[in-house]
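Structure assessment
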Amino acid sequence: MNTKDKGFATKLVHAGDQPDAFGSAVTPIYQTSTFSFKSAAHGADLFAGKAAGYIYTRVANPTLKALEDKLAELENGFGAVVLASGMAAVTTAYIALLKQGDHMISSSAVYGPSRAVMESIFADFGVESTFVDTSRIENIVEAIQPQTKMLYLETPANPTMELTDLAAACQVAKANNIITVVDNTFSSPYLQKPLDLGADVVLHSLTKFINGHADVVGGALVAKEEELYKRLHKTMVLMGGNMDPHQAYMVSRGVKTLSLRVDKAQESAGKIALWLEKHPQISWVNYPGLASFPQRELALRQMRGFGTMMSFGVKGGLEAGITLMNNVTLALLAVSLGGVETLIQHPASMTHAGISPAARQEAGITDDMVRFSVGIEDVDDIIADLDQALAKVAEFNKLAVN
Ligand code: LCS
């Protein structure tokens, strides 16, 4: 079905799907590692790119292609590749777009392993990196070196929710021949479209909002232009980080309800953030929809909604935060995000434990920070759960003071 001129929800359901010979409503799982050729000449033509078709699943597979085409359409890109995990997408982007002697500038508040892999592995291969607060465009300008080849942004950032002005940052990069890669995991294409704002490549952990059901790990890269798409696809094929057909089928199934899930969870997130902000045991709340959020105006400009993620500080610091996490009964104490179930976690000891305390401090990841991913349960139940757990925090704080 041609969905190019259709609305976002229609694309979610139909874009990319390829019915089989029986008219299947969805693309089936082509659970095969290899594809047989009609003749030796046909095989040679496929290898030479003279015939269209499939050779081997690491290179391409119809179930993967259906998901890739859908994601490319959702992000307004030329083409996409899907990979075994979000981190496979991160490392494939780094390998495809950087070489020895190159330099990368990145937001300091990024998903911990996206920074750790650059500083602990790519540094060994001679790729330099500088991590700056990209919410201030002048920090990007100052960090540019003659050998800077990539600007890597994550907005909203994990877990501080800090925003980077995508249009302004991409403009600076373009003027300096720098490729911009944006990790759009926290927003999903429903809330933000970085390629429309000037980015060259969009990255996703599909594990999060796009699959949305906490049952698959996966990643994707979407390129704005053909030349970049080819570089990413070639690297993916050679490095072998491809997704499995069953995994792709699950993600294609999950993504169909993306807008419904985000609408519901986002409405709840707005109510929860306001409720938390007024709670006596909470010292601060980072949520782009709050009037107190310093970059609310930027969120309104570049995002379609404020999202379902927030972080907040619990009075009494780390120990009080631990008391909260040990006492919630509905929210799952778990990392990951963007699923139908509400999750709570502590970045300093969990998702961002792998980066140095100094880097955490620089990125604004304080020890009292709790990250909250709002699910699609009844909002009254989520608030009641927080309320009873925060009552335990109040008891703890009273004991801690006495
Ligand atoms: N980018 C962002 C923004 C992420 O949050 C994650 C995972 C990744 C990339 C990597 O994706 P993965 O390989 O896990 O599919 N974020 C996680 C988190 O915040 N908690 O657990 C995983």
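Residues numbered from 1 in each chain as written. Predicted model: local features only at pLDDT ≥ 70, side-chain atom pairs only at ≥ 80, totals over all residues. Heavy atoms only, no water.

1. Here we look at the domain arrangement of the chain
Here is the rule: The domain boundaries here were taken from an automatic or database domain assignment. Throughout, a contact is declared for two residues whenever any of their heavy atoms are within 4.5 Å. Throughout, the accessible surface (probe 1.4 Å) given up by two parts as they are put together, summed over both, is called the buried area. Just to be clear on terms, a salt bridge is a Lys or Arg side-chain nitrogen sitting within 4 Å of an Asp or Glu carboxyl oxygen. A 3.5 Å cut-off defines polar contacts: any pair of N or O atoms within that distance qualifies, except that in protein one atom must be a possible hydrogen donor and the other a possible acceptor, and neighbouring residues in sequence count only when both atoms are side-chain atoms. In this description a helix means any DSSP run of H or I spanning at least four residues, a strand means any run of E spanning at least two, and both kinds are numbered starting from the N terminus. When residue character is reported, Ala, Val, Leu, Ile, Met, Phe, Trp, Tyr, Cys and Pro are called nonpolar, Asp, Glu, Lys and Arg charged, and the others, Gly included, polar.
The domains assigned to the chain are domain 1 (8–255) and domain 2 (258–397). Each of domain 1 and domain 2 has a C-alpha centre, and the two are 27 Å apart. Contacts between the two partners involve 42 residues from domain 1, matched on the other side by 39 residues from domain 2. For the pair domain 1 and domain 2, the summed buried surface comes to about 3200 Å²; carbon and sulfur atoms form 62% of the total. A salt bridge links Asp-165 to Arg-301, with the nearest nitrogen and oxygen atoms 3.4 Å apart. For the pair domain 1 and domain 2, the interface holds 18 residue pairs in polar contact (both at pLDDT 80 or more). Residue assignment for the side of domain 1 that touches domain 2 shows that the elements contributing at least two residues are helix H1 (8–14), helix H5 (112–120), helix H7 (166–175), helix H8 (188–191) and helix H10 (245–255). Tallying contributions element by element places H5 first for the side of domain 1 that touches domain 2, with four residues. In terms of residue class, the side of domain 1 that touches domain 2 is built from 23 nonpolar, 15 polar and four charged.

2. Comments concerning the pairing of strand E7 (residues 219–223)
Rules: Remark: exposure states derive from per-residue accessible area (1.4 Å probe, protein chains only) relative to the maximum for the residue type, with buried under 20%, exposed over 50%, and partly exposed in between. Between any two strands, at least two bridges found by DSSP are needed for them to pair.
Burial analysis of E7 places five of its five residues in the buried class, the great majority of the element. The pairing of strand E6 (residues 201–205) with E7 spans five bridges and is antiparallel. Residue Leu-203 lies in a different strand from E7, and its bridge partner there is Leu-221.

3. Comments concerning the environment of Val-251
Looking at where Val-251 falls in the secondary structure, it is placed in helix H10. Sequence spacing of Val-251 and Met-239 is twelve residues, and the spatial spacing of their C-alpha atoms is 22 Å. If we skip the residues at most four places from it in the chain, Val-251 touches Leu-67, Leu-206, Ile-210, Asn-211, Val-216 and Met-243.

4. Examining the pattern of salt bridges
As a working rule, side chains carrying opposite charge can pair if their charged atoms are close by. Across all of its chains, the model carries 15 salt bridges by this definition. The residue Glu-73 makes a salt bridge to Lys-4 at a minimum N-O spacing of 3.5 Å. Residue Glu-73 is found in helix H3 (residues 62–74), and its partner Lys-4 is found in the segment before H1; the two are separated by 69 residues along the sequence. Relative accessible area serves as the criterion here: at 12%, Glu-73 is assigned to the buried category. Taking the relative accessible area as the measure of exposure, Lys-4 reaches 60% and is therefore exposed.

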